[in-house]
Amino acid sequence: MTPGHGIRPGGDAAPTAPDARTRAAAYATLGKARSENFPVAPSFLPRAWRDGLMAVYGYARLVDDIGDGDLAPGGHDAVLLGLDPAAADEPLAMLDALEADLHRVFGGSGGSGGPPRHPLLQALQPVVRAHGLTPEPFLGLIEANRQDQRVTRYATYGDLLAYCELSANPVGRLVLSLTGTSTPERIRRSDAVCTALQIVEHVQDVAEDLGRDRIYLPAEDMRRFHVAETDLKAHRAGASVRSLVAFEAERARDLLNEGTPLVGSVHGRLRLLLAGFVGGGRAALRAVTAAGFDVLPGPPKPTRSGLLREVASVLRTAPRKG
């Protein structure tokens, strides 16, 4: 599926064609799928699944870009959500407006009525209706980004896991809902995989996060390994920082292993997609290890060949069920 497919108005109201600037903003957001650690909507999937996955990804990416201040310059996203262009620099106001637009997707009273305003939410509406999706996972992603505006440090690993419950786990649950494969056991395994992928991203992006005055390495672990915040500002990681990163990477690896049976519980192309998620996390961890756990110069990224090797390994070793 090419980035931007399905960017069209939803709902029953007469659609208006998005202008070139609006289409470009939506395409740019969807195009970020290429930089993820895992395949978002690979071409081997059925068209309906690809459309659904890209719509969900577009929404999740938009929420994160608002929270991280990574929107396209010019304030066009703010205008699309009914705000002044200057509001693009006010994440909480943008998240409130996005939540109101999300309520329009679901036809609830939280919005002001009418079809969604933003093209990425317009594309999401038919997917929500076709699959009977509920608002809760989408609201969780917004709440995670609100938390990012208030909380910049995490005292304990438990606190970080609670954040991942909002920021990562909803995405896996949506994938299961889109593919009609949701069960309590699969949700539990999916949560483990998604939390692992979030921790992997935090490990890779220590320097980038610090640039936003955020640290996702638990303070209790930093004390254990005698790492101060000033140590994270260095150009290269010292032995203590490397030990800390290795520790957090091992936690993520354990979570991936806990979630791997999810791959064996499904069949066909879904099995390959989920193996891509797990394999992507493993490949990223392998890249972090290959860098000697020095993530301060920039995020170590896996190669395509490394990703394919890890996916093949997951497919060979994931225990089969059913």
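Residues numbered from 1 in each chain as written. Predicted model: local features only at pLDDT ≥ 70, side-chain atom pairs only at ≥ 80, totals over all residues. Heavy atoms only, no water.

Visitor: When you look at the overall build of the chain in this model, what are you seeing that I'm missing?
Guide: Helix and strand counts for the chain come out as 15 helices and 0 strands. Considering only contacts in the chain between residues 6 or more positions apart, those separated by 24 or more positions represent 69%. Just so you have it, the chain exposes about 13900 Å², and 54% of that area is on carbon and sulfur atoms. (Helix = DSSP H or I, 4+ residues; strand = E, 2+ residues; numbered from the N terminus. Contact = heavy atoms within 4.5 Å. Areas by Shrake-Rupley, 256 points an atom, 1.4 Å probe, with all protein chains shown as cover.)

Visitor: Honestly, the nonpolar core in this entry has me stumped. Any pointers?
Guide: One finds Y59, L98, L124, F138, I199, L232 and L274 to be the most contacted residues of the largest nonpolar core, which totals 83 residues. Those residues in contact with L274 that lie beyond four places of it in its chain are V175, L262, V263 and V266. (Core = buried A, V, L, I, M, F, W, Y, C linked by side-chain atoms within 4.5 Å. Buried < 20%, exposed > 50% of the residue type's maximum accessible area, 1.4 Å probe, protein only.)

Visitor: Sorry if this is basic, but what is going on with the pattern of salt bridges here?
Guide: When charged atoms on two side chains of opposite charge get close, those side chains can pair. For the coordinates displayed, the defined rule picks out 24 salt bridges. When the shortest N-O distance is used, the salt bridge between D65 and R61 registers 3.2 Å. With D65 and R61 both in helix α2 (residues 47-68) and 4 residues apart, this pair spans about one turn of that helix. Residue D65 is classed as buried on the basis of its relative accessible area, which comes to 2%. The class of R61 is buried, set by a relative accessible area of 15%. For D213, the salt bridge is made with R153, and the minimal N-O distance between the two is 2.9 Å. With D213 in the loop between α10 (206-211) and α11 (219-224) and R153 in the loop between α6 (136-150) and α7 (157-167), this residue pair connects regions lying 60 residues apart in the sequence. In the salt-bridge network here, residues are joined through shared partners; they are D96, E99, E143, R146 and R150. (Salt bridge = Lys/Arg side-chain N within 4 Å of Asp/Glu carboxyl O.)

Visitor: For this particular structure, what's the right way to read the packing of aromatic side chains?
Guide: For any two aromatic rings, the description comes down to two numbers: the centre-to-centre distance and the angle of the planes. Per the counting criterion, the structure on display carries 6 aromatic pairs. An angle of 55° between the planes, with centres 5.9 Å apart, marks the rings of F106 and F138 as tilted. Within this pair, whereas F106 is found in helix α4 (residues 91-106), its partner F138 is found in helix α6, the two being separated by 32 residues in sequence. Between F225 and F247, the aromatic rings sit 5.3 Å apart at their centres with planes inclined by 45°, giving tilted as the arrangement. Taken together, the residues span a long stretch of sequence, with F225 in the loop between α11 and α12 (239-259) and F247 in helix α12 at a distance of 22 residues. Judged by relative accessible area, F225 falls into the buried class, the value being 18%. Every member of this aromatic cluster is reached through a ring pair, and the members are Y59, F106 and F138. (Phe/Tyr/Trp six-rings, centres within 6.5 Å; stacked < 30°, edge-to-face > 60°.)

Visitor: When you look at the side chain of Q122 in this model, what are you seeing that I'm missing?
Guide: Looking at the secondary structure, you find Q122 in helix α5 (residues 119-131). At 3.1 Å, the side chain of Q122 and the backbone oxygen of P116 are in polar contact. (Polar contact = N/O pair within 3.5 Å; in protein donor to acceptor, adjacent residues only side chain to side chain.)

Visitor: Please explain unusual backbone geometry as it appears in this structure.
Guide: Glycine aside, a negative phi is what most residues show, and trans is what most peptide bonds show. For D213, which is not glycine, the phi dihedral falls at a positive 60°. Judged by relative accessible area, which is 42%, D213 ranks as partly exposed. At F293, a position not held by glycine, the phi torsion is positive, near 65°.

Visitor: For this particular structure, what's the right way to read the packing of helix α8 (residues 169-178) against helix α9 (residues 184-204)?
Guide: Axes are the key here: two packed helices are described by the angle between their axes and the distance separating the axes. At a minimum axis separation of 8 Å, α8 and α9 run at an interaxial angle of 135°. The angle between α8 and α9 falls in the class oblique. Relative to α9, α8 is oriented so that their crossing is right-handed. Note on element contacts: α9 touches α8 through R186, I187, S190, D191, C194 and T195, opposite N169, G172, R173 and L176. Of the residues in the contact of α8 with α9, the class split is 3 nonpolar, 4 polar and 3 charged. (Axes fitted to C-alpha atoms, helices over the stretch in contact; angles between N-to-C directions. Parallel < 35°, antiparallel > 145°, perpendicular 65-115°, else oblique. Left-handed = near helix turned anticlockwise from the far one by under 90°. Nonpolar A, V, L, I, M, F, W, Y, C, P; charged D, E, K, R; others polar.)

Visitor: Help me understand the packing of α7 against α9 in this model?
Guide: Relative to each other, α7 and α9 sit at 110°, their axes nearing to 10 Å. The orientation of α7 with respect to α9, classified from their angle, is roughly perpendicular. Here α7 and α9 pass one another in a crossing that is right-handed. For the pair α7 and α9, the contacting residues are Y157, L160, L161, Y163, C164, E165 and S167 in the first and D191, T195, Q198, I199 and H202 in the second. Partitioning the contact of α7 with α9 into residue classes produces 6 nonpolar, 4 polar and 2 charged.

Visitor: Honestly, helix α14 (residues 268-290) in this entry has me stumped. Any pointers?
Guide: Every α-helix winds through 3.6 residues per turn, so residues three or four apart in the chain are directed the same way. An ideal rise of 1.5 Å per residue puts 33 Å on 23 residues; α14 measures up with 32 Å between its terminal C-alpha atoms. Most of α14 is tucked away: 17 of the 23 residues are buried. (Expected span 1.5 Å × (residues − 1).)

Visitor: Can you walk me through the environment of H118 in this structure?
Guide: Among the secondary structure elements, H118 is positioned in the loop between α4 and α5. For H118, a relative accessible area of 1% gives the class buried. Through-space distance from the C-alpha of H118 to that of Y59 is 9.8 Å; in sequence the pair is 59 residues apart. Dropping the residues within four chain positions of it, H118 is found in contact with L62, D77, L80, L81 and D101. A polar contact of 2.7 Å, which involves the side chain of H118, links it to the side chain of D77.

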